[in-house]
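Structural features, examined
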Amino acid sequence: MSTRWIEETFHPHWRVALEASEVLHEVKTEHQHLVIFRNETWGTVLMLDGVCQLTTSDEFVYHEMMAHVPLMALEKPKNVLVVGGGDGGVLREVLKHDCVDKATMVEIDRTVIDTALEHYPEIPGAAFDDPRADVVIADGLEYVAKTEEKFDAIIVDSSEPIGPSAVLHTREFFADCKRALAKGGVLVTQNGLPFLFPDHLAGTTRVFASLFKRVAPYMCTQPCYFGGPFALNFATDDKSILNLEQKVLAKRVRKRGISDLKYWTPAVHSAAFALPAYAEAVVTEAIAAAKAGDDSAYASTPAPAPTKLARKTKKKPAEKKPAAKPTRAKSDSQA
Ligand code: SAM
C-alpha cells in the first residue's frame, strides 16, 4: 500500500511533506482541518489547517519555553490562563509549578483535546485531571473579553494567525488580555518564524509596545518548525521581571520542585531574550512605530496571486525587481 505524504501548506512558494506511516485521525471539525498521523522520524504529529502544531518527539521545546519563561519570571504566579493549547502540553508544564493554585485553559475545539487524549496521551499526561485545572471550551477572544478574573500570566498558545486562531493575534484580543492581567502580570504569545515571517513578530510587538511598559520577544529552536528560530513574545508593565539573574531562576525552579525539564534552564531563559540582529531590527522598528502611533497588529494575508508568466517579448528584459517578501498563504484546506 503506498504511503501518504502529508504537506505543510502555509508557505506560498515551498512546502514540507512528512510521510504518514499511519493516519490516526483526520476530520474537518466545526473550526479547522485536523489530522494526526505517525511519522517514523517525528513520532505522532498534529497538523491543523495544514500547519504542523506539534510532534511527540520535540514538543517539550515549545511547551517548556511557552510556560516556564513567563512563570519563572514571576515570584509567585498563582492564577494562570492558557488560551488555545488544546493538546495539553502548555497546561502540563504550567501545573508543574506548585505555587499555581489555578490554571484555566480556554480551547475552542473540543476535538483537539479528545484526540490528544486518544492519540498522544503522553503530551497532556494527567494535566486535564489535575484539580487545579479548569478546561473551558470557548473562543478565547470572547472569554477574555468577558472574564472578571485577574491572571498573573496569560499564555496564548494559539495556532498560526489563520482560521479560528486569527482573532488571537489582534489588538482587540491583546487589549482584553492586558485588562485581564493582575498588576505586574505577564502576557506571552507565539510569533512564528521571524526569518520567514517578520511581519508576525512586528505586528504583535507594535501592539504590545502600545499596551505595555516592556515588550521582550524571546526565541527557541523548534526542530519541527522549519524556517529558523521560533519567536515568542513577552509583555509586562513590571520591568523588574526581565533580566533576572540566573541564580534567582535556579532558586525558583528548585523551590517549586521542578526537575524534569528537557529544554528550559536558567541559562537558556536568559539567553532566549538575546535576539539575532535581523530579529532585533524587526523589534526595534516595531517599538519605534508604536511610539509614533502605529499600533496595528499583524493581519494574516491571503496567498499572493500566482505570478503570470511574462509573455515573450523582443523588448530588453525588464530589470530584476527585488523578490517580494513572503506572505502567509492560506493552507490548502482553506484555499
Ligand atoms: N501546542 C501547540 C504547539 O506546540 O505548537 C500550539 C498550538 S495549539 C494546538 C493551538 C490551539 O489553539 C488549537 O488547539 C486550536 O484549536 C486552538 N485555537 C485556535 N483558535 C482559538 C480560539 N479563537 N480560541 C481558543 N482556542 C483556539
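Residue numbering note: each chain is counted from 1, following its sequence as written. Selection of residues for local features in this predicted model requires a pLDDT of at least 70, selection of side-chain atom pairs for listing and counting requires 80 or more, and totals for whole chains, interfaces and linings are taken over all residues. Only hydrogens and water are set aside when side-chain values are computed; all heavy atoms of the structure are taken into account.

- The name an unreviewed UniProt entry assigns to the protein is Polyamine aminopropyltransferase, from the organism Candidatus Filomicrobium marinum.
- UniProt positions are given in the numbering used here, feature names are shortened, and annotations may be inferred rather than shown by experiment. Quoted verbatim from the Pathway (unreviewed entry) field of UniProt, the annotation for the protein is "Amine and polyamine biosynthesis; spermidine biosynthesis; spermidine from putrescine: step 1/1."
- UniProt lists a comment for the protein under the heading Subunit (unreviewed entry), and it reads "Homodimer or homotetramer."

Let's talk about the sheet that holds strand β6 (residues 51–55)
- Spatial ordering of the open sheet is given by β3-β4-β5-β6, a layout of four strands whose pairing is antiparallel. Of all strands in the sheet, those bounded by a partner on one side alone are β3 (22–28) and β6. Between one strand axis and the next, the sheet turns through 20° on average, direction left out of account.
- Here a strand pair is declared whenever DSSP counts at least two bridges between the two strands. Under the scheme used here, helices are H or I runs from DSSP no shorter than 4 residues and strands are E runs no shorter than 2 residues, and both carry numbers assigned from the N terminus. The pairing of strand β4 (residues 33–39) with strand β5 (residues 43–48) spans six bridges and is classified as antiparallel. The partner of Leu34 across the bridge, within β5, is Leu48.
- Should any heavy atoms of two residues lie within 4.5 Å, those residues are considered in contact. Every axis in this analysis is a line fitted to C-alpha atoms, fitted for helices over the stretch in contact. Angles between the N-to-C directions lie between 0 and 180 degrees. Of the strands in this sheet, β3, β4 and β5 are in contact with helix α3 (residues 110–119), which crosses β4 at around 15°.

What to know about the packing of aromatic side chains
- Only Phe, Tyr and Trp rings take part, Trp by its six-membered ring, and two of them pair if their centres are within 6.5 Å. Stacked means planes under 30 degrees apart, edge-to-face means over 60, and tilted covers everything else. Enumeration over the complete set of coordinates arrives at twelve aromatic pairs.
- Ring geometry for Tyr225 and Phe230: centres 4.7 Å apart, planes at 50°, overall tilted.
- For each residue, the accessible area found with a 1.4 Å probe, counting protein chains only, is set against the maximum for its type, and the residue is called buried under 20%, exposed over 50%, and partly exposed in between. Among the residues examined, Tyr225 registers a relative accessible area of 11% and is labelled buried.
- What links up through ring pairs into an aromatic cluster is the set Phe173, Phe174, Phe208 and Phe212.
- Geometrically, a charge over a ring is one whose NZ (Lys) or CZ (Arg) sits within 6 Å of the ring centre while staying within 35 degrees of the ring normal. The ring centre of Phe212 lies 4.7 Å from the NZ or CZ of Lys178, which sits over that ring.

Quick look at the pattern of salt bridges
- A side-chain nitrogen of Lys or Arg and a carboxyl oxygen of Asp or Glu constitute a salt bridge if their distance falls within 4 Å. Applying the stated rule across the entire model yields 15 salt bridges.
- With its nearest N and O atoms 2.8 Å apart, the salt bridge here joins Arg92 to Glu93.
- Note on Glu93: relative accessible area 1%, which makes it buried.
- Lys96 serves as the salt-bridge partner of Glu93, at 2.9 Å between the closest nitrogen and oxygen.

As for the UniProt feature "binding site: S-methyl-5'-thioadenosine" (unreviewed entry) in the protein
- UniProt's entry tags Gln32, Glu107, Asp139, Gly140 and Pro164 with the feature "binding site: S-methyl-5'-thioadenosine" (unreviewed entry), counted in the numbering of this structure.
- Sequence-distant contacts of Gly140, defined by excluding residues within four places in its chain, comprise Val83, Val106, Leu168 and Phe173.
- Mapped onto the elements, Pro164 comes out in the loop between β10 (151–157) and α5 (171–179).
- With near-sequence residues (within four places) excluded, Pro164 lies in contact with His31, Gln32, Asp49 and Ile108.

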